[in-house]
Amino acid sequence: MERRRMDTALLVVLVMGHLATALEVPLDLLEGLPQPPTITHQSPKDYIIDPRENIVIHCEAKGKPHPSFSWTRNGTHFDIDQDPNVTMKPHSGTLVVDISREKADIYEAVYQCIARNIHGTAVSHNIVIRQSRSPLWSKEKIKPVVIQEGGSLVLPCQPPAGLPPPIIFWMDNNFHRLPQSSRVSQSLNGDLYFSNVLLEDSRNDYICYARFPHTRTIQQKQPISVTVLNMDAINDTMAAFYNDTDLFSEDPVEERRPTFLIPSGSSSSKMVLRGQVLEMECIAEGLPTPEISWSKVSGELPSKGTSFLHYQKTLRIVNVSESDAGDYRCTARNQLGSEHHTIHVTVKAAPYWIIGPPRNLVLAPGENGVLTCRASGTPKPSVTWAMNGISIEKSPKDLSRNVEDDTIIFTDIQTGSSAVYQCNVSNDHGYLLSNAFVNVLSEPPRVLTPSNKVYQVIKNHPALIDCAFFGSPIPKITWFKDSRSSTLVGDPYILHDNGTLEIHKAQARNGGKYTCVARNNLGIYENHVYLEVKEPTRILKQPEYKVIQRYRSAVLECKVKHDPTLVPTMSWLKDDDELPDDERFVVDSDSLTIMDVTESDAGVYTCIVNTTLDHDSASVELTVVEATPTPAVVYERPDPPTDLELTDQKKRSVQLTWTPGDEHNSPIQNFLIQYEDSLHHRGYWHNLTEVPGTKTTAHLKLSAYVHYTFRVLALNAVGFSRPSSPSKIYKTEPAAPDENPTGVQGFGTEHDNLVISWTPLSGLQSNGPGLRYRVMWRQKAVDSDWTSETVANNSRFVVSGTPTFVPYELKVQAVNDHGVGPEPAIAHGFSGEDLPVGAPENVQAMVLNSTLAEVHWEPVPHKLIRGQIKGYKVYYWKEHALHKHNPHQMEKQILTFSGNHSHGRLPALHPFSLYSFNVRVYNGKGDGPPSPDEQFSTPEGVPGAPTSLVVTNLNLDSLTLEWSPPHDRNGRITGYTLKYQPAVASRQVDIATQGWFIGLMCAIALLILILLIICFIQRNKGGKYPVKEKEDAHTDPEFQPMKEDDCTFGEYSDNEDHKPLKGSRTPSNGTVKRDDSDDSLVDYGEGGEGQFNEDGSFIGQYSGKSGSRDTAEGHESSEAPSPINAMNSLNSFV
């Protein structure tokens, strides 16, 4: 027995493939193929009927030949012919029961439909027919309710039991719904709960209504009267009936903590079926009104399908699953305390399919197959099988069939084993019944999709190319394109079980001829179809928001880009409705023009472009305003591009398309395309390329192993737009490096090493993870193999133990996890240098003149330099001069001669001096040893100028000259040369020392003296009376005559102490300013302050300021200076 179970399990594994590819027989396409019956439509298990209408019990089935139908009622055959009220529809199993002559309730029963043909029998599930009921409310006398204010109250509804249960709601006499709140609410059973009552709750028309949906009737309960009284009102009322006796002596209702009205106790339990709706409620009374909250003791409340109703008093969970089981706690809380209630929820489950119901099998003779009826439930359901409606145990034996619990295994099935199998899965809470046929056929492949069918799809949209097929055994489907060089498998193709070929995002290159090939062991069938990939329809220039002045024309543009093989149709809507039937609205191919705009034309206009494959639309709002002066044209930056799309996607390239934004009256000149690499450099945007402003596509070349995101900026004369929204991420696959590092060089830092350095690749150049470098080197001109090392995260490698300064050939190759880069170019370098060990030989000097010598030497052999020769250095120093006056020694000087020189000149030497020197070769490491010191002497040179020259003992006919020897003698001084020339021969003569000039000046001084004496005499003649008296004699202050004929001035006024004399050119500050035309002796002598006036008179000190107010009144400011002062002034010039 154990061996049999193992064999069965192995067989199940072997034949499971048939489950994934089981076929239905396409009866509508293939005539003559047999098929057992299949139920296609049936009434629900619970069928509630309206007693006022005929009963229709549905049962439809298909098969070849077409099945016949029969029914059972309550488990026994239902003879339809014997009931005149029951008829069956032609070519169908559907029953129609006429209830015009009979009551509907006599047909309440359990029905089952049976459909059969020669290949098998299918049965429906049990259909339970029940009549909907809406019974009347039982008559009852409802007593009025009188309750003290603040107490709790429950108004029962208790509707009659209906089928299905009625919907309950509370209203008043005017059919207005009664208001509900956290204080007043309706429970799930329809009762009305008051957590506490208020005086305003008093009314006599609390009416409970029940609505029965099937019969569409509403019934009402008798109204309930509620009177709410406070304690004082109760005592006053009752005293009137009972001789003023105080009937109620209790205290008024006080505030109290919450207690639950429902459910009762501290805990309760509830069972719910999987997939149903779970409703739990907690209603509490208390004063103040309690607030209700919910929690799950064993975890969080379900996040999906959970809601709170009736002011948090009801917790509702839809589509319950096993995970919703557990303890739920409701809490009622007010200011005085809280109360808890725990509801234990158990979730059971009627049977449900795990992988779906059993699927039909179409098998060829000799094939294997499996029928699986796998379901679950709580408690665990049981599985029973039937064949053609008869229990499998009582069915004819079939050697190819083996039943194992929920599985039937067919091995080496033969013709004649076709049948319909019923699987019944049941537990305490329900059942599942499913039919599945096994059809044994031998049919060669057929492709049912029409030949040469043309499929059209928009680029970047999914393309589904059909290959509907049939055959037994099930054919294998393969697809080919164009030349049929290889089968279409893998990206971008997806082959579905039904033969359909899917291309997730169709591109232009995917267009062409496709061939579908169906094969089985009975034959082969080919079918050809065609795929055309069209460009998408896009509105490139959308209508823009417009503010138009009344009575002007509005033009709304809608420019479209579409595939040239598709014919677009454009239509316009206004406010989502058709355009007004008005000749002012003119629709062109790419615009809508509205002439003579009025206020009624304002609204939202939508441009819709349709083709046979796709469409696009854009909307704009039109605003109409009063006419105003035309505003100036405003130029702004363009709006950012939109609708970025990536098409023609290849491994290392992609095509980017976009829609330009508004130009804002300035044409777009260029588009700048930028990219972000979120893999290596997230957050940084790099410029990739620019395209002219007339283009809206760009073919972008990409690098491997980069996560690209693109954006586009538009540029016009004003500037760049804001960046567009980023495109979708486009990830290029990793690959081997395309390039190697650059800047490879070799050098040594020590005499026995070689440092190989290079410029590393960037993350964009790495092409893949695991970037590293293979460093290779070998000695040049030596027949040796390459030595290599691989390094990562570095840009240099040190080779130790090398010979000193030998040439090397170098290579650095990039490597990553996906391969190696191209063969690298060979670079050259040298190992480290060491100090030279040889000195120049045959060193000698040739003196060219007193300040220049030329040094010669023989170059040092290359092997002794031990490095790259940089040049030669000549160290030289002055030992001493060849005369006793300059014996000091100078510091060493160095002259460097770059390159492989053999001589050099020493400039700026001191004449008549002895020099020593040596020569050294130097390389990049330093100087080599010096050559033996050599000497040379410079000849005498021109001496320097005497350091000083002094003139002494100056006489009219002789003078004495004294001088000091020169600082630089540059040899032995043999004498001095004295040169002189007469001073008269010089053009630079001191005019003040010339005799003719002295005589001229004396004559001018004498003339001036004479004039001054004359003026002094004339002035004294006019001073015989006091000035004050003359001022008193003249009443007019403006009367101040000037005597020009005798060189005297007008009278002085005491009222203006600082006023200048009339006729003078003295400025207001009292100083004398010389006019530009004035001549002065200062220009010809050693300086002075004298000036000549315009009339030729000398006024140097004469025209000074007036005397101080502190002096005696008799001192006149107009008094002329004395002759002695005038002479002193003259002497200053002479």
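Residues numbered from 1 in each chain as written. Predicted model: local features only at pLDDT ≥ 70, side-chain atom pairs only at ≥ 80, totals over all residues. Heavy atoms only, no water.

### Brief notes about the overall build of the protein chain
Each helix and strand in the protein chain was counted, giving seven helices and 80 strands. Within the span of the protein chain, comprising 1134 residues, buried residues form 39% of the whole. Here the protein chain has roughly 63500 Å² of accessible surface; of this, 51% comes from carbon and sulfur atoms. (Helix = DSSP H or I, 4+ residues; strand = E, 2+ residues; numbered from the N terminus. Buried < 20%, exposed > 50% of the residue type's maximum accessible area, 1.4 Å probe, protein only. Areas by Shrake-Rupley, 256 points an atom, 1.4 Å probe, with all protein chains shown as cover.)

### Section: the packing of aromatic side chains
One pass over the structure, following the stated rule, counts 16 aromatic pairs. Ring plane angle 45° and centroid distance 5.9 Å describe the contact between Phe175 and Tyr209, whose orientation is recorded as tilted. Of this pair, Phe175 sits in the loop between β14 (167-171) and β15 (184-186) while Tyr209 sits in strand β17 (residues 203-212), and the two are 34 residues apart along the sequence. You can call Tyr209 buried: its relative accessible area is 3%. (Phe/Tyr/Trp six-rings, centres within 6.5 Å; stacked < 30°, edge-to-face > 60°.)

### Some words on the confidence of the model for the protein chain
Averaged over the protein chain, the pLDDT score is 82; the fraction of residues at 70 or greater is 83%. Low confidence marks residues 1-22, where pLDDT is under 50. Its contacts with residues over four positions away, or in another chain, come to 28 contacts. Below pLDDT 50 for its whole length, residues 1022-1134 participates in 93 contacts with residues either more than four positions away or in separate chains. (pLDDT = per-residue confidence, 0-100. Contact = heavy atoms within 4.5 Å.)

### Some words on the state of the cysteines
Enumeration over the complete set of coordinates arrives at six disulfides. Each sulfur of the disulfide joining Cys59 and Cys113 lies 1.9 Å from the other. One disulfide, between Cys59 and Cys113, carries an S-S torsion of -75° and so falls in the left-handed class. Separated by 54 residues along the polypeptide, Cys59 in strand β4 (residues 59-64) and Cys113 in strand β9 (residues 110-117) bring together distant segments of the chain. A single burial state applies to Cys59 and to Cys113, both of which are buried. For Cys282, the disulfide goes to Cys330, at an S-S distance of 1.9 Å. Judged by the sign of its S-S torsion, about -70°, the cystine formed by Cys282 and Cys330 is left-handed. You can see Cys282 sitting in the loop between β22 (278-281) and β23 (283-287) and its partner Cys330 sitting in strand β27 (residues 326-334), a full 48 residues away along the chain. The same class applies to Cys282 as to Cys330, namely buried. (Disulfide = S-S within 2.5 Å.)

### Here we look at the pattern of salt bridges
Between side chains of opposite charge, a pair can form when the charged atoms approach closely. Scanning all chains against the criterion turns up 31 salt bridges. Asp482 is paired through a salt bridge with Lys481; the nearest N and O atoms lie 2.7 Å apart. For Asp482, a relative accessible area of 42% corresponds to the partly exposed category. In this structure, Arg550 and Glu599 form a salt bridge, with 2.7 Å as the shortest nitrogen-oxygen distance. Of this pair, Arg550 sits in the loop between β48 (546-549) and β49 (554-557) while Glu599 sits in the loop between β54 (591-594) and β55 (603-610), placing them 49 residues apart in sequence. Here Arg550 falls in the partly exposed class, since its relative accessible area comes to 23%. Salt bridges sharing partners connect three or more residues here, namely Asp172, Arg203 and Asp205. (Salt bridge = Lys/Arg side-chain N within 4 Å of Asp/Glu carboxyl O.)

### Points about the side chain of Asn918
Examined against the element boundaries, Asn918 turns out to sit in strand β77 (residues 913-923). At 2.9 Å, the side chain of Asn918 forms a polar contact with the side chain of Asp933. Residues contacting Asn918, with those up to four places away along its chain left out, are Lys873, Val874, Tyr875, Trp877, Pro930, Ser931, Pro932 and Asp933. (Polar contact = N/O pair within 3.5 Å; in protein donor to acceptor, adjacent residues only side chain to side chain.)

### Here we look at the pairing of strand β69 (residues 807-816)
Each regular strand displays side chains that alternate between the two surfaces of the sheet. Counting buried residues in β69 gives nine out of 10 residues, a clear majority hidden from the surface. Both strand β66 (residues 772-779) and β69 contribute to a ladder of eight bridges, which runs antiparallel. By the bridge assignment for β69, Tyr773 is matched with Ala814. Pairing of β69 with strand β70 (residues 819-820) involves two bridges; the strand directions are antiparallel. Across the sheet, residue Val815 finds its bridge partner in β70, namely Val820. In sequence, β69 turns back onto β70 through a hairpin of two residues. (Pairing = 2+ DSSP bridges.)

### Digging into unusual backbone geometry
Following Lys64, the chain continues to Pro65 via a peptide bond in cis, the omega torsion being 0°. Relative to the helices and strands, Pro65 is located in the loop between β4 and β5 (68-73). Between Thr378 and the following residue, Pro379, the backbone shows a cis peptide bond with an omega angle of 0°. Counting through the fold element by element, Pro379 comes out in the loop between β31 (375-378) and β32 (382-387). The residue His664 is not glycine, and still its phi comes out positive at about 55°. The residue His664 is located in the loop between β58 (653-659) and β59 (670-677) in this model.

### Here we look at a nonpolar patch on the surface
Together, Leu1006, Leu1007, Ile1010, Leu1011 and Ile1014 make up a nonpolar patch on the protein surface, roughly 470 Å² of accessible area in all. Inspection of the secondary structure puts Leu1011 in helix α5 (residues 995-1021). According to the relative accessible area criterion, Leu1011 is partly exposed, its value standing at 43%. (Patch = residues over 30% accessible without salt bridge, like charges linked within 9 Å, V, L, I, M, F, W, Y side chains within 5 Å.)

### Digging into the sheet that holds strand β26 (residues 314-317)
Strands sit in the order β22-β26-β25 across an open sheet of three strands; the sheet is antiparallel. A single partner strand is all that each edge strand has here, and the edge strands are β22 and β25 (306-309). Recorded for the sheet is a direction-independent mean angle of 20° between the axes of neighbouring strands. Where β25 lies against β26, four bridges are found, and the strand directions are antiparallel. Pairing of Phe308 across the sheet is with Leu315, part of β26. (Axes fitted to C-alpha atoms, helices over the stretch in contact; angles between N-to-C directions.)

### Examining the sheet that holds strand β74 (residues 869-881)
One open sheet holds the four strands; their spatial order is β75-β74-β77-β78, and the pairing between them is antiparallel. If you trace the sheet from one side to the other, it starts and ends with β75 (893-898) and β78 (934-937), each paired once. Ignoring which end each strand starts from, the neighbouring axes of this sheet average 30° apart. As defined by bridge partners, β74 adjoins β75 across six bridges and the pair is classed as antiparallel. Residue pairing in the sheet places Gly871 in a bridge with Ser898 of β75.

### Quick notes on the nonpolar core
By size, the foremost hydrophobic cluster in this structure holds 30 residues, and its most contacted members are Ile55, Ile57, Trp71 and Tyr111. No other element matches the three residues that β9 contributes to this core. Core analysis: the next-biggest nonpolar cluster, separate from the first, contains 21 residues, Tyr455, Ile474, Ile477 and Ala506 among them. (Core = buried A, V, L, I, M, F, W, Y, C linked by side-chain atoms within 4.5 Å.)

### Looking at the pairing of strand β30 (residues 369-372)
A two-sided burial pattern is seen for β30, the buried positions comprising Gly369 and Leu371 on one face and Val370 and Thr372 on the other. Taken together, the four bridges between β30 and strand β35 (residues 407-410) define a ladder with antiparallel strand orientation. In the sheet register, Thr372 faces β35, and the bridge partner there is Thr407.

### Quick notes on the environment of Ile48
In this structure, Ile48 sits in strand β2 (residues 46-49). Residues Ile48 and Ser132 lie 84 residues apart in sequence; the distance between their C-alpha atoms is 5.8 Å. When neighbours within four sequence positions are excluded, Ile48 is seen to be in contact with Arg130, Gln131, Ser132, Leu163, Pro164 and His214.

### Quick look at the side chain of Ser400
Inspection of the secondary structure puts Ser400 in the loop between β33 (390-391) and β34 (401-404). Look at Ser400 and you get buried, because its relative accessible area is 8%. At 2.8 Å, the side chain of Ser400 and the side chain of Asp398 are in polar contact. Ignoring anything within four residues of it in the chain, the contact list for Ser400 reads Ile409, Phe410, Thr411, Asp412, Ile413 and Ser417.

### Examining the environment of Cys113
Given the relative accessible area of 0%, Cys113 is considered buried. A C-alpha to C-alpha distance of 7.0 Å links Cys113 and Phe69, two positions 44 residues apart in sequence.

### Here's the deal with the environment of Leu713
When you line up the elements, Leu713 lands in strand β62 (residues 707-715). Classification of Leu713 by relative accessible area gives buried; the value is 9%. Beyond its immediate stretch of four places on either side in the chain, Leu713 contacts Pro641, Asn670, Phe671, Leu672, Gln674, Phe720, Ser721, Arg722 and Pro723.

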